[in-house]
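Breakdown of the fold
If you want the building blocks of each chain, they are given just below.
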Amino acid sequence: MTIDVLTLFPEMFPGVLSHSILKIAVQKKAMDVRLHNIRDYSKDKHGKVDDRPYGGGPGMIMTPQPVLDAVDAVRGGDEEALLIVLTPQGRVWNQALASQLAERRRLILVCGRYEGFDERILLALKPLEVSIGDYILTGGELAALVVIDTVARLLPDVLGDPESARLESFQGGMLDFPQYTRPSEFKGMRVPDVLLSGHHAAIEAWRREQALQRTMWRRADLLKPT
Ligand code: 6GU
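So, here's what we can say about the structure. (Residues numbered from 1 in each chain as written. Predicted model: local features only at pLDDT ≥ 70, side-chain atom pairs only at ≥ 80, totals over all residues. Heavy atoms only, no water.)

**Points about the overall build of the protein chain**
The condition that has to hold: Under the scheme used here, helices are H or I runs from DSSP no shorter than 4 residues and strands are E runs no shorter than 2 residues, and both carry numbers assigned from the N terminus. To get the radius of gyration, use the C-alpha atoms; to get the globule rule, take the number of residues to the power 0.38 and multiply by 2.2 Å. Note on classification: 1.4 Å probe, protein chains only; a residue is buried when its accessible area is under 20% of the maximum for its type, exposed when over 50%, partly exposed between these limits. Contacts between residues were defined by any pair of non-hydrogen atoms, one from each residue, lying within 4.5 Å. All accessible-area figures derive from a Shrake-Rupley calculation using a 1.4 Å probe, and residue coverage is judged against the displayed protein chains alone. His is not counted, nor are the chain ends, whereas Lys and Arg count as positive and Asp and Glu as negative. Here the site of a charge means NZ on Lys, CZ on Arg, CG on Asp, or CD on Glu.
The helix and strand inventory of the protein chain stands at nine helices and nine strands. Its C-alpha radius of gyration of 22 Å places the protein chain more than 25% over the 17 Å reference for a compact globule of 226 residues. Here the C-alpha coordinates of the protein chain stretch approximately 70 × 40 × 35 Å along the principal axes. For the protein chain, buried positions account for 39% of its 226 residues. Long-range pairs, those at least 24 residues apart, make up 75% of the contacts in the protein chain with a sequence separation of at least 6. A total of about 13,800 Å² of accessible surface is found on the protein chain, and carbon and sulfur atoms cover 54% of it. With 28 positive and 30 negative side-chain charges, the protein chain shows a spacing of 3 Å between the two charge centroids.

In structure tokens, the structure reads:
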């Protein structure tokens, strides 16, 4: 998958992309992340990319010209590329949406800063607008990294054990069961006997029950039919 990121702060990305699973995804060529600075596309002689909101109010709004020219240049007529704008007004990111996007050949992620985008940017691009949750970030960059991270681990050949992507929280609509590793006793706390029993059917039944109990107590919203 190719992921183009349009941002005013491309320097925020390489650190995150050069560790752990994301590094492996890039090394294995499962994912190619290309960073583009929106400011490079500004036609203003000072490289201006934002201005004050009509009607007044705090903060600065990203102007249409740099963003629209950047998207045009990066997309290069590729009709298959899925355009995503990161904004707190977007559809809330979840595992189901991540699974859908992991099927695409190319994503173009546009990160906003300041108080947001001039609405005509959204009218012109008709992007998929994505939010990562009900809180406000200083910009879309961290949200874009969350999207990249979530999608990367679903790409073929990225995770060592493809089961791990499938089995854990949310992919099955439930929270994960409790996990234990050695030692079998730590500061008086013992690993549940069933996990040491070697009885695979009993282990699976225990895990299913634990996951269900946790999900009911902590996240009953996940069990509701949608
Ligand atoms: Cl995508 N952007 C910003 N600025 N804040 C957010 C967000 C995005 N998602 C949640 N909060």
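**Quick word on the site of the ligand**
Rules: Any residue with a heavy atom lying within 4 Å of a molecule or strand is counted as near it. For the purposes of these results, a polar contact is taken to be a pair of N or O atoms within 3.5 Å, where, inside protein, one atom must be able to donate a hydrogen and its partner to accept one; residues adjacent in sequence count only when each atom of the pair is a side-chain atom.
With respect to spatial proximity, the complete set of residues near the ligand consists of Leu-86, Thr-87, Pro-88, Val-130, Ser-131, Ile-132, Gly-133, Tyr-135, Ile-136, Leu-137, Gly-139 and Ala-143. In this structure, a nitrogen atom belonging to the ligand sits 3.3 Å away from a side-chain N or O atom of Ser-131. Protein chains bury 96% of the 290 Å² of accessible surface belonging to the ligand in isolation. The leading source of residues in the shell around the ligand is strand E5 (residues 82-92), at three residues.

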